[in-house]
Amino acid sequence: MPFLNVVDPEFDFTAPEVMAAQSASWYADSPLGPLVLRYAEAAELLRDRRLDHGGDDYLSRNGITSGPIYDWWVPMIVNRDGADHRTLRGLVSRSFTPRTVDLLRPFIRATAEKLCDEIAESGGTEFVGAFANRLPLTVMSELLGVPTADHERFRVWSSDIGLIFALATGGDTAARVERAVAGLTGYIDALIDERTKHPADDLISAMVAAWQVEGTVTREELRNLLVTLVFGAHDNTRHQFSNMMVTFAEHPGQWTLVRDRPELAENAVAEAMRWRPSAASLFRRAAEDFDFRDLPIAAGTFVTMAVHTAQRDPRAYPGGDTFDVTAVREAPLLQFGAGPHYCLGAALARAELAEALPVLVRRFGPPVIAGDVPWRPALGTHGPDALPLRFPRPA
C-alpha cells in the first residue's frame, strides 16, 4: 500500500506520486491513518454514520486535553451528532437563510468594486491583504454587525483559528489557534451582551432573539456557534479567493473566457473550487469497528479524505485533470462535506466568489504572479499566506 506523508510541510495533494497512488488504490497509508484518494469512497465515507468527527480524540492526539482550544473545539457543532446537532443547526439555519445571502449580494459587489479601485491605482498588489482577506471579512462583519474599527483584530483571529486543522504540523500552530479562540470568545461574549440589550438588524441579534425565545441551547452553546460561524465565514473563503487567483494566473485564457462570457462566472467559481479547494482535506473518526471495501477500520481510527486529490479523480470528473470553466461537472464538490454536516456557509462562500469574479475579470487582465508565494500546509485549510500579483490592463 502506498505511504504518503501528509504532515510533511512540503506535501502536495496533487503531486505526481499522489496521483499515481490514486490510480493504484482508493486509499493510501499516512502518519494520520488511512488517506482516501478517490471521489466515490470519500463521498460515501463522509455520509457513513459509523464515522464521527472525533473532536476530543483529535485534540488529544495533538497534545491538547484542556484550555481554550479544547473548550471551543470539543462541543462545537461539527463534533455533535443526532438531536444535539439538529438543535444547534436549526438555530443557525432559521437566522442564516438563502434570503439572507441574496440580500448581501449587492453589498458584496459594491465591496468588490471598492477593493478593485484600490488595486487599480497601482496595477499590482499583495492579493491576500488587499482583497482575499478583506472581502469575506467585510461581508462577515456586515452579516454579524462587527464595527469597522474591529476588523483588523477580527482578521488576525479568524485567520489563525483556521490552523486548527494543521495542528499535526507543529511549530507555533497551537499557540496561534489558542490566542485566536480566546480573542474571539471574549469578543463574541461582549457582542451577545450588547445585542441582548440593544438588538440590531444583524445575524447575532437574530440568533440572540431565537435563543431567548426558544431556550433550547445554552449561552455557552450560542457563543460557540458564533465563534464557529466567524471561523467558517472568513478563513476558508479568503483562501478560496487566493486559490482561485493562482489558478487563473496559471490559466490566463480561462480568465479571458470568463470576461468575454460573463454567464460562465458561476460555473467558473465551481470549477476553481474543484481544482484547488481551500478545504484540501477533511477527517472523520471511526466510532466502531467496521470493514470498508477491502480495508478493516478499527474504532478510534482517523480517516482523512484527500479532497484536493479526490476532486481531480477522473472516475468522478471525466477530463478532471484539466481546469475548464466551460465544463459541466456532475459530481458535487466534497470540500463542503456531506449529509447532516454539510457546511452552513457554503451558499455565502459561493455568493462572494460568484459576485466578485465578474468584477475582477471586467476590471483587470489575467493575473500574473509577481513574487514568491508562501503556502499554508496542505493538510486542512490550504492557500497562500501572501500572493503578490500584477494585473495588466484588459485588452
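What you see is a predicted model, and the numbers here were worked out from it, not measured in a lab. (Residues numbered from 1 in each chain as written. Predicted model: local features only at pLDDT ≥ 70, side-chain atom pairs only at ≥ 80, totals over all residues. Heavy atoms only, no water.)

Student: Teacher, can you tell me more about the overall build of the protein chain here?
Tutor: Secondary structure summary: the protein chain contains 16 helices and 10 strands in total. Relative to the 2.2 N^0.38 estimate, which gives 21 Å for 395 residues, the radius of gyration of the protein chain is 21 Å and therefore close to what a compact globule would have. Oriented by its inertia axes, the alpha-carbon framework of the protein chain measures out at about 60 × 60 × 40 Å. A separation threshold of at least 6 residues defines the contact pool for the protein chain, and within that pool the share at least 24 residues apart is 73%. Approximately 16,000 Å² of the protein chain is accessible, and the part contributed by carbon and sulfur atoms is 52%. Looking at the protein chain, you have 39 positive and 52 negative side-chain charges, and the mean spots of the two groups are 4 Å apart. (Helix = DSSP H or I, 4+ residues; strand = E, 2+ residues; numbered from the N terminus. Rg over C-alpha atoms; globule rule 2.2 N^0.38 Å. Contact = heavy atoms within 4.5 Å. Areas by Shrake-Rupley, 256 points an atom, 1.4 Å probe, with all protein chains shown as cover. Lys, Arg positive; Asp, Glu negative; His and termini not counted. Charge placed at Lys NZ, Arg CZ, Asp CG, Glu CD.)

Student: Help me understand the pairing of strand E8 (residues 302-305) in this model?
Tutor: Remember that side chains alternate between the two faces of the sheet whenever the strand is regular. Along E8, one buried face is formed by Phe 302 and Thr 304 and the opposite face, lined by Val 303 and Met 305, is buried too. Looking at chain direction, strand E2 (residues 35-36) and E8 are connected through 2 bridges and run parallel. Within E8, the position partnered with Leu 35 by the bridge is Thr 304. As defined by bridge partners, strand E5 (residues 282-286) adjoins E8 across 4 bridges and the pair is classed as antiparallel. The residue of E8 that forms the bridge with Arg 285 is Phe 302. (Buried < 20%, exposed > 50% of the residue type's maximum accessible area, 1.4 Å probe, protein only. Pairing = 2+ DSSP bridges.)

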